[in-house]
Amino acid sequence: MYKRQRLDALTTIGLGYLNLARSTDTLSGGEAQRIRIAKHITSSLNDVMYVLDEPSSGLHPKDIERIYNCLNILKKQGNTIILVEHNPLLIEKADYIIDVGPGPGEAGGQIQFAGTYDDFKHADTITSLALREKQIEKNDTHRFNNWFSIENQSLNTLKNISLKLPLNSLTVLCGVAGSGKTSLAQIIRLKLEKKNIDVINISQKNIGISLRSTPMTYLDIFNDIRKLFAKANKVSAALFSYNSKGACPHCKGKGVIVNDMYFMDDVVSECELCRGTRYASEVLQYKYNKKTIVDVLSMTVSQALSFFNEEPKISVGLQAICDVSLGYLKLNQSLKTLSGGELQRIKLSSFLQKNGSVYIIDEPTNGLHLKDIDHLLTLFDKLVERGNTIIIIEHSLKVIRRADWLIEMGPEGGKMGGNIMFSG
């Protein structure tokens, strides 16, 4: 009986399409969170505070009502639910809303609003204004000249599908979770690569990062910054590398000390010697434009863009990060601290100069504020204007409205999916 309740809970929360033998490391962050929620709605615990980070991640609008019903069950059991959320469908169902801002990173950190949704609708915060904004639909008569076709293809749950989609356009693959969108994107990628078409595949799981990875190392501009410091001070550029001569002797340039707790999660603490700067103290005597290397690496990308405005090689990389709405990141911020959506956009920023390529992107709006989605759509339009093709797996209604071409998979997830419900 208890096992049946657990299975019913998974179905209620919209995960009925999952195979019981499926490995948990293949689940998205949103799916993993919903499994944990399903576990708790069958328990008798009360007076518990649940804090959930973006539970709507990867959810079709149809499933938002399901997850709300599950959260409501937890609330009625006498528990408190706190969501970190951007989805308008969940925001409007909240009993109480706290809006933090006004901007991201150092420009934020202040309470902009606290109250009910009825009051929030009439507030003047960036979020409330975005919620009231009229949604724009694409109504231009776009004529497609080049097409790409696939015929009689099957993969995972896909059932012998055939379709065509336009090149030099923004195509959105939509449908409920587990309906076959990712499998379809995989088939499209393989077929395009066979035709020797340049494909840039950006998923949330294929971005190689380590504890030492930062925005500047990922975009390969750190070497240019070190050379500027070396030239200004007539010393070796290696002195300004936390992976070489300039590294803090205690943490070896990591900025943190990692203690292995064996059967528990590692304990990570800030290095007491360098205070997280990663550098040995003697490096701080050298300056460039009155700033030490630590001062520069503590800047946000937007601040650094202004600081290095006369250095073209550095400016191009920094501008690319700003173009994907990540100007609030610090130059020395570990990529380990970024969300899946932020990591995708970091990777996207390194491919913005392409022409005639095909971008396949998996849910780039995950974790994005409504205003930032507008910035991302503007960027996609610019890439299409330059002759590129954008194919996005997406649930955001805002993105779906702006698509040149839509392909919907369904009708349900798992074995009940894998069919093309609409293409046009």
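Attention here is on the structure that accompanies the text.

The rules behind the values
Residues numbered from 1 in each chain as written. Predicted model: local features only at pLDDT ≥ 70, side-chain atom pairs only at ≥ 80, totals over all residues. Heavy atoms only, no water. Pairing = 2+ DSSP bridges. Helix = DSSP H or I, 4+ residues; strand = E, 2+ residues; numbered from the N terminus. Axes fitted to C-alpha atoms, helices over the stretch in contact; angles between N-to-C directions. Contact = heavy atoms within 4.5 Å. Buried < 20%, exposed > 50% of the residue type's maximum accessible area, 1.4 Å probe, protein only. Polar contact = N/O pair within 3.5 Å; in protein donor to acceptor, adjacent residues only side chain to side chain. Patch = residues over 30% accessible without salt bridge, like charges linked within 9 Å, V, L, I, M, F, W, Y side chains within 5 Å. Areas by Shrake-Rupley, 256 points an atom, 1.4 Å probe, with all protein chains shown as cover. Salt bridge = Lys/Arg side-chain N within 4 Å of Asp/Glu carboxyl O. Disulfide = S-S within 2.5 Å. 1 Å grid on protein atoms, 1.4 Å probe; cavity = no way out; pocket = protein on both sides within 12 Å on 5 of 7 lines; lining within 4 Å. Points joined across faces, edges and corners; volume = space filled by probe spheres on them. Nonpolar A, V, L, I, M, F, W, Y, C, P; charged D, E, K, R; others polar. Core = buried A, V, L, I, M, F, W, Y, C linked by side-chain atoms within 4.5 Å.

## So, the sheet that holds strand β12 (residues 389-393)
Inference 1: The six strands lie next to each other as β8-β11-β12-β7-β13-β14, forming an open sheet whose pairing is mixed. For this open sheet the edge positions go to β8 (199-202) and β14 (419-423), each flanked by a neighbour on one side alone. Each neighbouring strand pair of the sheet contributes to a mean axis angle of 15°, computed without reference to strand direction.
Inference 2: Summarising the sheet, strand β7 (residues 170-175) and β12 pair through four bridges and their orientation is parallel. Among the inter-strand pairings, L170 is bridged to a residue of β12, identified as I390.
Inference 3: Contacts from helix α14 (residues 370-385) reach β7, β11 (358-362) and β12 within the one sheet, and its direction differs from that of β12 by about 145°.

## Some thoughts on helix α13 (residues 340-349)
Inference 1: With respect to burial, α13 is a largely interior element, nine of its ten residues being buried.
Inference 2: Its buried side turned inward, α13 meets β8, α8 (215-218), α12 (312-323), β11 and α14.

## Some words on the side chain of D374
Inference 1: For D374, the position within the fold is in helix α14.
Inference 2: Under the relative-accessibility criterion, D374 is labelled buried at 17%.
Inference 3: Within the local environment of D374, its side chain forms a polar contact with the side chain of K398, the two groups lying 3.1 Å apart.

## Remarks on a nonpolar patch on the surface
Inference 1: A contiguous nonpolar patch, built from Y96, I98, V100 and I111 and spanning about 450 Å² of accessible area, is present on the exposed surface.
Inference 2: Positionally, Y96 belongs in the loop between α4 (88-91) and β3 (97-101).

## With respect to the state of the cysteines
Inference 1: Inspection of every chain in the model, using the stated rule, returns zero disulfides.
Inference 2: There is no disulfide at C274, and the cysteine sulfur nearest it, in C271, is 3.7 Å away.

## Topic: the pattern of salt bridges
Inference 1: Counting across every chain of the model gives 13 salt bridges.
Inference 2: A salt bridge links D118 to K121; its shortest N-O distance comes to 3.8 Å.
Inference 3: Assessed through its relative accessible area of 51%, D118 is described here as exposed.
Inference 4: K121 sits in the partly exposed class, given a relative accessible area of 35%.
Inference 5: Among the ionic pairs, E133 bridges to K371, the shortest N-O distance being 3.0 Å. In this pair, E133 is assigned in the loop between α6 (126-132) and β5 (147-155) and K371 in helix α14, connecting sequence segments 238 residues apart.
Inference 6: The class for K371 is partly exposed, based on a relative accessible area of 31%.
Inference 7: Through salt bridges with shared partners, a single network forms among E133, K371, D374 and K398.

## Remarks on the side chain of S349
Inference 1: Secondary-structure assignment places S349 in helix α13.
Inference 2: Taking the relative accessible area as the measure of exposure, S349 reaches 5% and is therefore buried.
Inference 3: A distance of 2.5 Å separates the side chain of S349 from the backbone oxygen of I346, its partner in a polar contact.
Inference 4: For S349, the residues in contact, after removing those within four places along its chain, are L219, A320, I321 and V324.

## Section: the layout of surface pockets
Inference 1: Empty space within the second largest pocket amounts to approximately 550 Å³.
Inference 2: Considering the residues around the second largest pocket, the lining is formed by 29 residues, among which N87, P88, L370, S396 and L397 are closest to the centre.
Inference 3: For the lining of the second largest pocket, the elements supplying multiple residues, two or more each, are α4, α6, α14 and α15 (397-401).
Inference 4: The biggest single contributor to the lining of the second largest pocket is α15, with three residues.
Inference 5: Looking at the lining of the second largest pocket residue by residue, the class counts come to eleven nonpolar, eleven polar and seven charged.

## Some details on the nonpolar core
A general tendency of soluble globular proteins is for nonpolar side chains to be buried together.
Inference 1: Counting residues in each nonpolar core, the largest one holds 60 residues, and the members touching the most others are I293, F308 and L348.
Inference 2: At seven residues, the largest contribution of residues to this core is made by α14.
Inference 3: Residues within four places of I293 in sequence aside, it is in contact with F222, I225, F229, F240, Y279, V283 and Y286.

The quantities given are spatial measurements derived from coordinates; they are silent on function.
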